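Single-letter residue listing:
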Amino acid sequence: MAKIIPDYCETTSQAEKKIFDLFRQSEQQTTDWVVIHSQNIRNNPHPGSTPRPQDLLLFEADFIVIIPGKGIYLLEVKGGGIGCSNGSLTTTNGKGEVNFIDPVAQAKRCKHALIEYLEETVGKDISFNIVVDFAVVFPQSPTPLRKLPDLDESQIIDSHKLSSDGLVKSILAVADRYKGTTSFTNKIRDDIVRALRPSFDTVKLMGTQLKACESTISKLTAEQYERLDDISFNPGMIFIGAAGTGKTTLAQELFNRSCKNGLNTAFFCYNRLLGQKIEMNNRSALFVHKNSKVSSIHSAMNSWIKSSKLAKDLATAEETLGKESVKLYAEIYPELALKAVEELKIQYDHLIIDEAQDIVTEPYIRVLDKIIKGGLKGGRWTFFGDFEQQAIFGATSLETARSMIERITGNIAPVGKLKTNCRNSAKIATETAKISGFDRAPTKNLNHEGTDVNLRFFSSQNEQAKWVAEEITKLKAAGISPADIVILSNRRLTLSGANGADGTGAFQIIDVTQAKSAVVSGTQIGFATVQAFKGLEASAVIICDLEKIDDLEARSLIYVAMSRAKSHLSLFAHSKIRDQIIELRTKTLLGA
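The residue numbers shown here count from 1 along each chain, following its written sequence. Given that the model is predicted, a residue must reach a pLDDT of at least 70 before its local features are reported, and side-chain atom pairs must reach 80 or more before they are shown or counted; all residues, however, enter totals for whole chains, interfaces and linings. Processing note: side-chain calculations cover all non-hydrogen atoms of the structure and skip hydrogens and water entirely.

Participant: Explain unusual backbone geometry here, please?
Facilitator: Trans peptide bonds make up the majority, and among non-glycine residues the majority have a negative phi. Its identity as a non-glycine residue notwithstanding, K345 has a phi of 55°, on the positive side. Looking at the secondary structure, you find K345 in the loop between α13 (326–344) and β13 (350–353). With a relative accessible area of 71%, K345 lands in the exposed category. Residues other than glycine seldom take positive phi values, yet E355 does so here, at roughly 60°. Strands here mean DSSP runs of E at least two residues long; helices mean DSSP runs of H or I at least four residues long; both are numbered from the N terminus. Mapped onto the fold, E355 is located in the loop between β13 and α14 (356–359). For every residue, the accessible area obtained with a 1.4 Å probe (protein chains only) is divided by the maximum for its type, and the residue is called buried under 20%, exposed over 50%, and partly exposed between those limits.

Here it is in structure tokens:
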């Protein structure tokens, strides 16, 4: 795929967005291309010289396509319905308004301004060694004129030509107008790109976007607290919401309020790293409210069992089955924990469960019922869960969870819905829904657009390590702290394409999958499996090793992984699933 600068598209022109997307979907033959869009060009680039009147003019090139070995090609894009009146071109917008246009004259002015700028910045002989040409593009309409004054037929790219030949082939047809040898190397390409788009400009813009995105997300989180008022009318309630709707944040706020009201409160989740994080966040509260408890459900069960007469039974089971055994967690833990809480008489005034889709299962529900004063029927409990597409731990459906609770209580549990995404930028939320296979957006998103999702396709594992290093360097330059960056994979670090990305010594990748905490320090960058990082979030996420996306488990994994990113997301997928991902990305989501 061509390198596109910048890697997001903020224009309101649907025609330009269409061309941008076509470049995003371009084939391998464009790998050495650089495409710059919405580029302002002003003559007299040296501030020390005296400007001429014409130097004060500012020209905007819709797209500048830089192709080593061939040349530089400007694309003047015109949207709407293209017509002809008295020999002149017209465009008709959505309101039916007709305007005369002269894309050829615009393209010529941009071409001459670009040549003069590059001669001043890159070298006087650039116009002699490199072809600079242009084309006019009508993505939404066939051209009414097969020929335009001073224009070759190849320089007219309309909707018919885009459909039959594609964008890349059409641009190469323009390039074929000039035959012969050229000294246009990759180095000269890079010099041109630096002249047009200095790297600090891109980094500065990225940093500004990320800060704006984080600011918006913080405001939305505060708005979500209003939903907690529903709990005052329902002592037992399930809150459902897709990834990013603030379930863990709301559960935390509810824990704070419950403790302040003098209730002995338990706050449990499923994921180990998330459990460690929320326990760490609540250390001061737990010091004051000593009869409350915060941890993962398995950590809590482990402490209960080891404090009871059943400690030896657990040790035997761990030795026989292994500490990572599925049976140990699915059967042995809840069986021994049920007996332990009865022996120790452990009960809480209020039970809060996060990741309920993973915890509310047949063996576990009996333990939950036992540790609530008054049980599920008469006690106070609040469950938060994402029952949309998180099947990586064999998640329970909402219907099954409510059915289990009904069998115990005789009542159907009320459900509150969380619909507003308060974690992910708008672009990340949209891309996550599409690539994860949703037909309808699972959340409403009012957040900042954020940076574009950086999607790259690898053919070999070695490519990923280089890309990870480049991405981390770029993020750090944009002002992102290493502690706010995380690398995710469905593989352990030793088997991941990210392994070795820290070979330069500029940063150190730390595998937190089995660590006591996901917290890193200094120049360390956290790495975790998707399963281990579930429930957590980071400002910037880099996802590696995506090689499958055609079944429920694979879609669930990518859904969890992508939805961890708050403001910036990079996704490295194998080239063998390129077509599948492109097809998913081009579909239109129904509204939430």
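Participant: Sorry if this is basic, but what is going on with the sheet that holds strand β20 (residues 508–511) here?
Facilitator: The strands making up a sheet are joined through hydrogen bonds of the backbone, oriented either antiparallel or parallel. In short, DSSP must find at least two bridges between two strands for them to pair. Spatially, six strands are ordered β18-β23-β22-β19-β21-β20 in an open sheet, and the strand pairing comes out parallel. Two strands close off the open sheet at either side, each with one partner strand: β18 (454–458) and β20. In this sheet, neighbouring strand axes are inclined to one another by 25° on average, regardless of whether the strands run parallel or antiparallel. When strand β19 (residues 485–489) meets strand β22 (residues 538–546), the two strands line up parallel, connected through four bridges. Its bridge partner lying in β22, I485 is registered against A540. Of the strands in this sheet, β18, β19, β21 (524–529), β22 and β23 (565–574) are in contact with helix α19 (residues 461–477), which crosses β22 at around 170°. All axes here are fitted lines through C-alpha atoms, helices being fitted over the stretch that makes contact, and every angle between N-to-C directions spans 0 to 180 degrees. Contact definition: two residues touch when any of their heavy atoms are within 4.5 Å.

Participant: Whenever I open this one, the pairing of β22 confuses me. Can you help?
Facilitator: Looking along a regular strand, one sees the side chains alternate between the two faces of the sheet. The buried fraction of β22 amounts to nine of the nine residues, a majority that puts the element mostly inside the structure. Alignment of β22 against β23, held across six bridges, turns out to be parallel. Note on β23: the bridge partner recorded for I543 is L571. A clockwise course of the path from the first strand over the helix to the second, judged with the strands pointing away from the viewer, identifies a crossover as right-handed. Running through helix α21 (residues 552–562), the crossover from β22 to the neighbouring parallel element β23 is right-handed.

Participant: What exactly am I supposed to notice about the pattern of salt bridges here?
Facilitator: Between side chains of opposite charge, a pair can form as their charged atoms come close. What makes a salt bridge here is a side-chain nitrogen of Lys or Arg within 4 Å of a carboxyl oxygen of Asp or Glu, nothing more. On inspection of all chains with the given rule, the structure shows 19 salt bridges. R491 is the partner of E547 in a salt bridge, and the nearest nitrogen-oxygen pair spans 3.1 Å. Pair noted here: E547 is in the loop between β22 and α21 and R491 is in the loop between β19 and β20, with a separation of 56 residues, a long-range link. A relative accessible area of 23% means that E547 is categorised as partly exposed. Between E547 and K576 there is a salt bridge, with the nearest N and O atoms lying 3.9 Å from each other. In this pair, E547 sits in the loop between β22 and α21 while K576 sits in the loop between β23 and α22 (578–585), placing the two residues 29 residues apart along the sequence.

Participant: What is the right way to read the sheet that holds strand β15 (residues 415–418) from this model?
Facilitator: Pairing in this open sheet of six strands is parallel, and the strands run β12-β11-β13-β14-β10-β15 from one edge to the other. Edge positions in the sheet fall to β12 (293–296) and β15, since each of these pairs with one other strand and no more. Direction aside, neighbouring strands of the sheet carry axes that sit 15° apart on average. Relative to strand β11 (residues 265–269), helix α8 (residues 247–260) is tilted by about 165°, and along the sheet it contacts β10 (236–241), β11, β12, β13, β14 (380–385) and β15.

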